Every structure is written in C-alpha cells, then in structure tokens.
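Residue-level listing of the chains:
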Amino acid sequence: MNNFIAEVIEAVAAWEDIYRETDQGIRFFLDDDIVGMIDSDGLIYIPLTSLICERLSHSDNILKHYEITENGEIQLHIRDYVDTQHAIWLLRLSYIHKMIRQSRRNKDRMSQLRRQMRKEDQDIFAFIN
C-alpha cells in the first residue's frame with residue numbers, strides 16, 4: 001500500500017462514527033451505509049446517487065480520469081497528492097450525504113452533523129442539496 005492510500009485511510013478513519021471492515025480491501029461504513037471502499041489493488045469505489053454524480057461530472061471538482069459508473073459510483077486510482085485530496089473530498093461527500101440521509105430518520109444524527117461540520121465542508125452541500 002502506498003503512502004497516498006495510507007493518507008486516505010487515515011483521513012477517513014478519523015471521521016466520527018466511521019468504522020471499517022477489512023476483507024480483500026477496506027470498506028468504510030457509517031452505521032449500515034457504505035461510505036467507500038479501497039480494494040487490495042488500491043482502486044477506490046465511492047457510492048453516490050446518480051444526481052450527485054451528474055452534478056460532479058459537470059464540475060471542476062472531479063478530474064477527468066475518474067470513472068463514474070451508471071449506478072452512481074465513482075472509481076479512481078490514487079496516483080499522486082492531487083488524487084489523494086480529491087479522493088478524500090469525494091469520500092467526505094459520500095460521508096456527509098449518508099449523514100444527511102440518516103438524519104431524516106434520526107434527529108440525533110442532524111445534531112451530530114452540525115457539531116462536526118468543518119468550514120471546508122460547505123462546498124459539499126452544493127452537490128447534495
């Protein structure tokens with residue numbers, strides 16, 4: 001595993017209520033929702049809605065070498081520092097999206113989300129709302 005992948009794993013593992021499972025890679029979960037997965041070859045999978053993927057495909061926040069699948073999943077390889085930062089941003093997008101979706105069922109989730117919001121997370125809401 002290269003240092004760039006290790007940086008992504010460290011960043012995501014530090015988010016509140018994230019847990020991970022390892023089985024032919026690493027899967028990050030928020031409760032029962034998968035936030036993303038890194039396979040044993042270093043390919044990252046990030047599940048998002050098709051609407052969010054559509055918005056991303058028309059923005060500057062996703063590089064052209066990332067693949068967006070028809071079922072709303074982003075797939076990317078981490079090759080350098082820029083890819084690392086984009087992967088963390090996209091995984092954070094997935095994480096916040098799951099938090100918002102869960103907060104509709106659980107009021108405590110919304111309070112938790114408000115407590116942990118970072119200033120740099122504000123641009124993420126443009127893709128979710």
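Check the entry above for the structure.
Summarised in this report is the structure supplied together with it. (Residues numbered from 1 in each chain as written. Predicted model: local features only at pLDDT ≥ 70, side-chain atom pairs only at ≥ 80, totals over all residues. Heavy atoms only, no water.)

A word on the overall build of the chain
Next up, step 1: Helix and strand counts for the chain come out as five helices and six strands.
Next up, step 2: For the chain, the N- to C-terminal ordering of α and β elements is α-β-β-β-β-α-β-β-α-α-α.
Next up, step 3: Residues counted as buried form 49% of the 129 residues belonging to the chain.
Next up, step 4: With the model as given, the accessible surface of the chain reaches about 7200 Å², and the carbon-plus-sulfur share is 47%. (Helix = DSSP H or I, 4+ residues; strand = E, 2+ residues; numbered from the N terminus. Buried < 20%, exposed > 50% of the residue type's maximum accessible area, 1.4 Å probe, protein only. Areas by Shrake-Rupley, 256 points an atom, 1.4 Å probe, with all protein chains shown as cover.)

Thoughts on the sheet that holds strand β5 (residues 67-68)
Next up, step 1: Spatially, the six strands line up as an open sheet ordered β1-β2-β3-β4-β6-β5, and their pairing is antiparallel. Every interior strand has two partners, whereas the edge strands, β1 (18-22) and β5, have only one.
Next up, step 2: Relative to strand β6 (residues 73-77), strand β4 (residues 43-47) runs antiparallel, the two being bridged by five bridges. Opposite I44, over in β6, you have L76 as the bridge partner.
Next up, step 3: Contacts from helix α3 (residues 81-103) reach β1, β2 (25-30), β3 (33-39), β4 and β6 within the one sheet, and its direction differs from that of β3 by about 160°. (Pairing = 2+ DSSP bridges. Contact = heavy atoms within 4.5 Å. Axes fitted to C-alpha atoms, helices over the stretch in contact; angles between N-to-C directions.)

As for the packing of aromatic side chains
Next up, step 1: Under the defined criterion, the tally for this structure stands at two aromatic pairs.
Next up, step 2: Judged by centre distance (5.2 Å) and plane angle (35°), the ring pair of W15 and Y95 falls under tilted. In this pair, W15 is assigned in the loop between α1 (3-13) and β1 and Y95 in helix α3, connecting sequence segments 80 residues apart. Each member of the pair, W15 as well as Y95, is classed as buried.
Next up, step 3: Arranged with centres 5.2 Å apart and planes meeting at 15°, the rings of Y19 and F29 form a pair that is stacked. Residue Y19 is found in strand β1, and its partner F29 is found in strand β2; the two are separated by ten residues along the sequence.
Next up, step 4: The ring of W15 has R92 lying over it, and the distance from NZ or CZ to the ring centre is 5.1 Å. (Phe/Tyr/Trp six-rings, centres within 6.5 Å; stacked < 30°, edge-to-face > 60°. Lys NZ or Arg CZ within 6 Å of the ring centre and 35° of its normal.)

Notes on the nonpolar core
Next up, step 1: Counting residues in each nonpolar core, the largest one holds 32 residues, and the members touching the most others are V8, I44, I74, L76 and L90.
Next up, step 2: The set of elements that each furnish at least two residues to this core consists of α1, β2, β3, β4, α2 (50-57), β6 and α3.
Next up, step 3: The element best represented in this core is α3, accounting for ten residues.
Next up, step 4: Residues within four places of L90 in sequence aside, it is in contact with I46, L56, Y66, I74 and L76. (Core = buried A, V, L, I, M, F, W, Y, C linked by side-chain atoms within 4.5 Å.)

Observations regarding α2
Next up, step 1: Taken together, the buried positions of α2 are I52, C53 and L56. Mapping the buried residues of α2 onto a view down its axis gives an arc of 100°, with all of them on the same face. (Arc of directions from axis to C-beta.)

Topic: the pairing of β1
Next up, step 1: As paired elements, β1 and β2 share five bridges and run antiparallel to each other. Each bridged residue has a counterpart across the sheet, and for Y19 the counterpart in β2 is F29.
Next up, step 2: Joining the antiparallel neighbours β1 and β2 is a turn of two residues, in which Q24 adopts a positive phi near 55°.

Topic: the packing of α1 against α3
Next up, step 1: Two elements in contact, α1 and α3, have axes whose closest approach is 9 Å; the angle formed by their N-to-C orientations is 25°. Between α1 and α3, the crossing angle belongs to the class labelled roughly parallel. Two packed elements cross with a definite hand, and for α1 against α3 that hand is right-handed. Contacts from F4, E7, V8, A11 and V12 in α1 reach Y81, T84, Q85, A87, I88 and L91 in α3.
Next up, step 2: Residue composition of the contact of α1 with α3, by class: eight nonpolar, two polar and one charged. (Parallel < 35°, antiparallel > 145°, perpendicular 65-115°, else oblique. Left-handed = near helix turned anticlockwise from the far one by under 90°. Nonpolar A, V, L, I, M, F, W, Y, C, P; charged D, E, K, R; others polar.)

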